[in-house]
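The residues making up each chain are set out below.
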Amino acid sequence: MEETAVPPSAEGFANLMHEPAHAVGRAKWVLLVSLTLVFFVLLALYSGVLSVLLPNQIQMLDPGGKERNLAIVFAITSVFSTLATPIAGALSDRTRTRWGRRTPWIVIGALIGAASLFAVSQVQSFWMITALWVVSAVALNAMQAAITTIVADRFPERERGTVSGFVGAGMTAGLTAGTVVGGITASHLVTAYALFAGAIAVVCLLFVVLNPEPRVPVAAPEPFRADSFLKSFWVSPRRHPDFAWAFLGRFTIYMGYQGIVTYLLYILQDHIHLSIDEANRTIAALSSVTFVALVISGFASGFVSDRIGRRKPLVFLSSVIMGMALLVPLLLPTVEGMYGYAVLIGLGYGAFMSVDMALMTQVLPKRAAGDDSTGKDLGLLTTAINIPQIISPVLALMLLKATGNDYGVLFIAAMVFVFAGSFFVWPIRSVK
């Protein structure tokens, strides 16, 4: 059951705005499992498409320019995704419908994203692939902004470590599963794209059916003004330093992580010297190994985080483990070295993801009574993931061109970013 929303008095309205009806009992567990499933499928889609399907499709079009073209696709897509996430979050804060604020964004975003994704498999032009993937990514990021906000909307702060552990485990498991599925189905691109597109549409529709938003009285938003709307996206680092440190820490860790994941197929070909068929099979095998480590560390880290009431030490430890993972293929550029990377990156990234979401929901700026900007603020923090998708492929391409395609330099750069990110969480004061 869910808590019944009682019409508030004028005096109690401000509190209700910032403490919406939390899910309890059976409804809480249905919501938790549903969230985990949606994020599992969403991250499976991202990893399968970005790490396997798009690189394969782009390489078939122009083998000689594969690195350049992949960087172009990721950079263009990430610009639009970065803009879409906070804007969609802010608009979902302002949305008022009989189905709630977040539900329309989840449904419409998932359906448009799925349709555009499947359409990618039907075209042979590089620029058509790019355009359709941009539409899909924007729609899916709009959906993600809305569904991420539900963690803050529907769970009290004391439970968010456990929630983040479940969701983080789902996300990290999805990253692995998506790469496995992508590697297995890479030779049948239409089937592969259809599988991911259908899965995200189905799980999102099931989510809104199983977890209807509670009918909590919410004040009508202020009349829309473009200047005020745009100004609201600036969060002063001086007034909200914890928000800024959390953004910076997340940004640098993802810069390191994304730089390797983006070029994993090409690393296996050009750094480990496998054929493309061997590389696709190896991606699937590595991801299976990573999957076990991700699930174990993800659940364990979220549980421990809630039990000890601390987030920062676990973020620090996870980033150190990720840095160690990046060192292995640098010193041991073999398939065995990549398996060592797979185990350690699973342990480190799984632990990071399990507490990262909980930490992000606890550093949101304190707003005035009646100002519910949770969606926008979480959307801004999500850009700390999207911006590295713009910068890291471009930076990686520059490093490869400058070093004659020496992929070892990518591992060094990634380690620098990941280790730097491990220290940026310590100045945060509102979270232990």
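See above for the structure.
What comes next is a walk through the structure. Treat the numbers as computed from the prediction; the structure is a model and nothing was measured.

## What about the environment of Gly346?
- Position of Gly346 among the secondary structure elements: in helix α13 (residues 335-362).
- Distance in space between the C-alpha atoms of Gly346 and Gly298 is 9.0 Å, their sequence separation being 48 residues.
- Those residues in contact with Gly346 that lie beyond four places of it in its chain are Thr290, Ala293, Leu294 and Ser297.

## Structural notes on the side chain of Thr252
- Its place among the elements puts Thr252 in helix α9 (residues 241-262).
- Of the polar contacts made by the side chain of Thr252, one reaches the backbone oxygen of Gly249; its length is 3.1 Å.
- Residues contacting Thr252, with those up to four places away along its chain left out, are Phe417, Val418, Ala420, Gly421 and Phe424.

## Quick word on the packing of helix α2 (residues 25-61) against helix α7 (residues 189-210)
- Relative orientation of the contacting elements α2 and α7 amounts to 160 degrees, with a least axis distance of 10 Å. One way to sum up the angle between α2 and α7 is to call them roughly antiparallel. Taken as a pair, α2 and α7 cross one another with a handedness that is left-handed.

## Comments concerning the packing of aromatic side chains
- Applying the stated criterion across every chain, the model contains nine aromatic pairs.
- Ring centres 6.5 Å apart and planes at 85 degrees place the aromatic pair Tyr254 and Tyr257 in the edge-to-face group. Of this pair, Tyr254 and Tyr257 both sit in helix α9, three residues apart, roughly one helical turn.
- Each member of the aromatic cluster is reached from another via a ring pair, and the members are Tyr254, Tyr257, Tyr349 and Phe352.
- Stacked on the ring of Tyr266, the Lys or Arg Lys66 has its end atom at 4.7 Å from the ring centre.

## Thoughts on the nonpolar core
- With 111 residues, the main nonpolar core has Leu54, Trp133 and Ile200 as its most contacted residues.
- Examining the composition of this core, we find that 17 residues originate from one element, α2, more than from any other.
- Not counting the four nearest positions on each side in its chain, Leu54 is found in contact with Val49, Val73, Phe74, Val120, Ile129, Trp133 and Tyr193.

## Some details on the environment of Arg311
- In this structure, Arg311 sits in the loop between α11 (276-308) and α12 (312-331).
- Since its relative accessible area comes to 6%, Arg311 is described here as buried.
- With 114 residues separating them in the primary sequence, Arg311 and Val425 have C-alpha atoms 9.2 Å apart.

## Brief notes about the pattern of salt bridges
- Applying the stated criterion across every chain, the model contains two salt bridges.
- The salt bridge partner of Arg68 is Asp62, with a shortest N-O separation of 3.5 Å.
- The partly exposed category is assigned to Arg68, whose relative accessible area is 41%.
- Under the relative-accessibility criterion, Asp62 is labelled partly exposed at 30%.
- Salt-bridge contacts for Asp270 lead to Lys66; the nearest nitrogen and oxygen are separated by 3.8 Å. One end of the pair, Asp270, is in helix α10 (residues 264-270); the other, Lys66, is in helix α3 (residues 66-94), with 204 residues separating them in the sequence.
- Judged by its relative accessible area of 29%, Asp270 is partly exposed.
- Assessed through its relative accessible area of 9%, Lys66 is described here as buried.

## As for empty space enclosed by the protein
- Using the criterion set out here, one finds six cavities of 30 Å³ or more in the structure.
- Estimates place the volume of the second largest cavity at around 230 Å³.
- Together, 18 residues line the second largest cavity, and Thr179, Tyr257, Leu264, Ser287 and Thr290 are the ones closest to its centre.
- If you list the elements that add at least two residues to the lining of the second largest cavity, you get α2, α6 (160-185), α9, α11 and α13.
- Of the residues assigned to the lining of the second largest cavity, the class counts are 11 nonpolar, seven polar and no charged.

## Observations regarding helix α4 (residues 103-120)
- In a regular helix each residue adds 1.5 Å, so 18 residues correspond to 26 Å; α4 covers 26 Å between its end C-alpha atoms and thus fits that length.
- Listed in full, the buried residues belonging to α4 are Thr103, Pro104, Ile106, Val107, Gly109, Ala110, Gly113, Ala114, Ser116, Leu117 and Val120.
- Those residues of α4 that are buried are in contact with α2, α5 (126-154) and α7.

## Quick look at a nonpolar patch on the surface
- Nonpolar side chains collect at one region of the surface, where Val79, Phe80, Leu83 and Ile87 lie side by side and expose about 340 Å² of accessible area between them.
- As for its position among the elements, Phe80 is in helix α3.

## Examining the packing of α12 against α13
- Relative orientation of the contacting elements α12 and α13 amounts to 160 degrees, with a least axis distance of 8 Å. Classified by the interaxial angle, the pair formed by α12 and α13 is roughly antiparallel. For α12 against α13, the interelement crossing comes out left-handed.

Parameters and conventions
Residues numbered from 1 in each chain as written. Predicted model: local features only at pLDDT ≥ 70, side-chain atom pairs only at ≥ 80, totals over all residues. Heavy atoms only, no water. Helix = DSSP H or I, 4+ residues; strand = E, 2+ residues; numbered from the N terminus. Contact = heavy atoms within 4.5 Å. Polar contact = N/O pair within 3.5 Å; in protein donor to acceptor, adjacent residues only side chain to side chain. Axes fitted to C-alpha atoms, helices over the stretch in contact; angles between N-to-C directions. Parallel < 35°, antiparallel > 145°, perpendicular 65-115°, else oblique. Left-handed = near helix turned anticlockwise from the far one by under 90°. Phe/Tyr/Trp six-rings, centres within 6.5 Å; stacked < 30°, edge-to-face > 60°. Lys NZ or Arg CZ within 6 Å of the ring centre and 35° of its normal. Core = buried A, V, L, I, M, F, W, Y, C linked by side-chain atoms within 4.5 Å. Buried < 20%, exposed > 50% of the residue type's maximum accessible area, 1.4 Å probe, protein only. Salt bridge = Lys/Arg side-chain N within 4 Å of Asp/Glu carboxyl O. 1 Å grid on protein atoms, 1.4 Å probe; cavity = no way out; pocket = protein on both sides within 12 Å on 5 of 7 lines; lining within 4 Å. Points joined across faces, edges and corners; volume = space filled by probe spheres on them. Nonpolar A, V, L, I, M, F, W, Y, C, P; charged D, E, K, R; others polar. Expected span 1.5 Å × (residues − 1). Patch = residues over 30% accessible without salt bridge, like charges linked within 9 Å, V, L, I, M, F, W, Y side chains within 5 Å. Areas by Shrake-Rupley, 256 points an atom, 1.4 Å probe, with all protein chains shown as cover.

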